[in-house]
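Observations on the three-dimensional arrangement
Read off the chains here:
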Amino acid sequence: MIFRTKTSRAPRPALRQVRTTAALRPLRHRLDPARVEEIPFRTSDGFRLGLTRVDTGDSGRPAVLLLHGHTASADMFLQPETRNLVDVLLDDGYEPWLLDWRGSCRLPYNETGRRYTYDDVALYDIPEAVAHIRGRVGDDRPLFVVAHCIGSLSLSLSMTAGLVPGLAGVVSQGVFLTPKLAGRTSLRMSVAGELLKKRIDHIPVDFRKAGLRSKYTPLFALASRGASCPDPTCQILHNSAWGTGASLFVHENLSETTHDRLAELLGPAPLWILPHLRRIELARSVVRWHDTDHRYRALPPNALDAAGSIDTPVLLLSGSENGLWLDSQKLCHQVLAHRQPQLDVSYTEIPGYGHLDTFLGRGAALDVFGHILDFLGERR
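Residues numbered from 1 in each chain as written. Predicted model: local features only at pLDDT ≥ 70, side-chain atom pairs only at ≥ 80, totals over all residues. Heavy atoms only, no water.

Section: the overall build of the protein chain
Our working definition: Strands here are runs of E lasting at least two residues and helices are runs of H or I lasting at least four, both read from the DSSP assignment and numbered beginning at the N terminus. It is over C-alpha atoms that the radius of gyration is taken, and the globule rule equals 2.2 Å times the number of residues to the power 0.38. Three labels apply to residues, based on accessible area from a 1.4 Å probe with only protein chains included: buried if under 20% of the type maximum, exposed if over 50%, partly exposed otherwise in between. Between two residues, a contact is recorded if the distance between any of their heavy atoms is within 4.5 Å.
Along the backbone of the protein chain there are 14 helices and 10 strands. In terms of C-alpha radius of gyration, the protein chain reaches 21 Å, essentially the compact-globule figure of 21 Å for 380 residues. Expressed as a percentage of its 380 residues, the buried residues of the protein chain come to 58%. Contacts spanning at least 24 positions in sequence make up 76% of the contacts within the protein chain whose residues lie at least 6 apart.

Below is the structure:
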């Protein structure tokens, strides 16, 4: 007698819900849509980015390029719920330009698609955006840059490589040439990167999308330890900074609306970027990742060693309570004053502010943006 056994099929693994196209998520703002020009922009290495110009109707205004941090986006400068940096720049006579570089949460690259390092941001994204803006506004109009976090760190590599010459001035917020993390943050970044890299490739911030039974639940649980806010997204950002134990903002500085939008304003953090970030932090300088690929030879191996080539005034800005980069900006000012005293570099510390709330905070227009306008105004 022949017995037939029924073969059981193993269940198919659930597919991750990630975006696979480079389509940009729409910006949220309260500007007249007719004034917001979304410019098709693709880098020479094939990445589609987002470049946005706010049309002022005045072709003589100085231009200001705004660079967000990693996993953030141009949305951080356009919050409709508060008086934002774009509002302030428009009222003071500037033409804002906003770049969503490849680390933007409006794009899918942090979750899927081609991987990159900060070398790519410094070599392609920022210089090519600057070149495009110069092609539109001309060489006679001043062009400033206001950069936040990793956007600022990558800009420092572009500047010391001589890839963005002739800027009228740069405002660097949070970190510039001398990255400095707390010891526990550096340790967690190293350990977590090694332990998790075979299981996950990014850390989400929206628990609602991840789901209670997902592999990310232990990370959210760890981030909730000792947290005073019940919101899981706030916990993993304010209480843990994607599991590193750092803090991205002073909680009470955010409005309720901004707090509720955190999962929209900040996206998943890719773990595959950690090796470059660890090398940068260990060197206490912005160092190139690609040492053998000839395409990156235009970038200096160490940006701090090449700081003498900076040809523009720089304002180093930081909140006194920066829970991520600590006193990196103060350290940078001290180091440059000692090693490159000929540079025009100043430092301003904002009392009571952390890292992200220098732009997202409900009182930032009163407490922070005036310092930016003063710096730009003296050099326009």
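Focus on the environment of alanine 241
Summarising the element assignment, alanine 241 is placed in the loop between helix H7 (232-238) and helix H8 (256-260). Beyond its immediate sequence surroundings of up to four residues, alanine 241 is in contact with Ile236, Ala246, Ser247 and Leu248.

Observations concerning the sheet that holds strand S5 (residues 143-148)
Sheet strands associate in pairs through backbone hydrogen bonding, adopting either a parallel or an antiparallel arrangement. What counts is decided by this rule: Strand pairing follows a simple DSSP-based rule, namely that at least 2 bridges must link the two strands. Between the N-to-C directions of two axes lies an angle of 0 to 180 degrees, each axis being a line fitted to C-alpha atoms and, for a helix, fitted only over the stretch in contact.
If you trace the eight strands from one edge of the open sheet to the other, you get S1-S2-S4-S3-S5-S6-S9-S10, paired in mixed fashion. Each having just a single partner strand, strand S1 (36-42) and strand S10 (345-350) make up the two edges of the open sheet. Averaged over all neighbouring strand pairs, the angle between strand axes comes to 20°, with direction disregarded. Note that strand S3 (residues 63-67) and strand S4 (residues 95-100) share five bridges and pair parallel. Bridging across to S4, alanine 63 finds its partner in glutamate 95.

Remarks on the pairing of strand S9 (residues 314-319)
Which entries qualify depends on this criterion: With the strands aimed away from the viewer, a crossover counts as right-handed if its path from the first strand over the helix to the second runs clockwise.
Where burial is concerned, most of S9 is hidden: six out of the six residues are buried. With six bridges connecting them, S9 and S10 associate as parallel partners. Its bridge partner being in S10, serine 318 is matched across the sheet by glutamate 349. Chirality of the crossover, the property in question, places the unit of S9, helix H11 (residues 328-339) and S10 among those that are right-handed.

A short note on the side chain of arginine 106
Defined as follows: Throughout this description, a polar contact denotes any pair of N or O atoms lying within 3.5 Å of each other; where both atoms belong to protein, one of them has to be capable of donating a hydrogen while the other can accept it, and for residues adjacent in sequence the pair is counted only when both atoms sit in side chains.
Mapping arginine 106 onto the fold places it in the loop between S4 and helix H2 (118-137). Among the polar contacts made by the side chain of arginine 106, one reaches the side chain of aspartate 100 at a distance of 2.7 Å.

Here's the deal with the packing of aromatic side chains
Our working definition: Pairing of aromatic rings covers Phe, Tyr and Trp, the last counted by its six-membered ring, and requires centre-to-centre distances within 6.5 Å; plane angles under 30 degrees mean stacked, over 60 mean edge-to-face, and any other angle means tilted. Criterion for a charge above a ring: Arg CZ or Lys NZ at most 6 Å from the ring centre, at most 35 degrees from the ring normal.
Following the criterion strictly, the structure yields seven aromatic pairs and no others. Taking the centre distance of 6.5 Å and the plane angle of 85° together, the rings of phenylalanine 47 and tyrosine 116 count as edge-to-face. Taken together, the residues span a long stretch of sequence, with phenylalanine 47 in the loop between S1 and strand S2 (48-54) and tyrosine 116 in the loop between S4 and H2 at a distance of 69 residues. On the accessibility criterion, tyrosine 116 (3% relative accessible area) is buried. Ring centres 5.3 Å apart and planes at 85° place the aromatic pair phenylalanine 77 and phenylalanine 359 in the edge-to-face group. Placement of phenylalanine 77 in the loop between S3 and helix H1 (85-91) and of phenylalanine 359 in helix H12 (residues 357-360) is noted, with a sequence separation of 282 residues between them. Pair check on accessibility: phenylalanine 77 and phenylalanine 359 agree, each one buried. Three or more aromatic residues joined by ring pairs form one cluster here, namely Phe47, Tyr109, Tyr116 and Trp272. Here the guanidinium or amino end of arginine 102 rests over the ring plane of phenylalanine 47, the centre of that ring lying 4.0 Å away. Over the aromatic face of tyrosine 94 sits the side chain of arginine 380, whose NZ or CZ is 4.4 Å from the ring centroid.

Some words on the environment of aspartate 201
Looking at where aspartate 201 falls in the secondary structure, it is placed in the loop between helix H4 (183-196) and strand S7 (202-203). Considered as a pair, aspartate 201 and proline 268 are 67 residues apart in the sequence and their alpha carbons are 9.8 Å apart. Here the side chain of aspartate 201 touches histidine 202 through a polar contact of 2.7 Å, side chain to side chain.

Considerations on H2
Helical geometry note: an α-helix holds 3.6 residues per turn, so side chains three or four residues apart project in the same direction. Put simply, the rule is: One less than the residue count of a helix, multiplied by 1.5 Å, gives the span that helix is expected to have.
When the terminal C-alpha atoms of H2 are compared, their 27 Å separation across 20 residues agrees well with the 28 Å that a helix rising 1.5 Å per residue should span. Among the 20 residues in H2, 15 count as buried, and that is most of the element.

Quick word on the side chain of serine 104
For serine 104, the position within the fold is in the loop between S4 and H2. A relative accessible area of 0% places serine 104 in the buried class. A distance of 3.0 Å separates a polar side-chain atom of serine 104 from the backbone nitrogen of arginine 106. In this view, serine 104 contacts His68, Ala72, Ser73 and Asn110; residues no more than four positions away in its chain are not counted.

Functional significance is not addressed by these values, which are geometric in nature.
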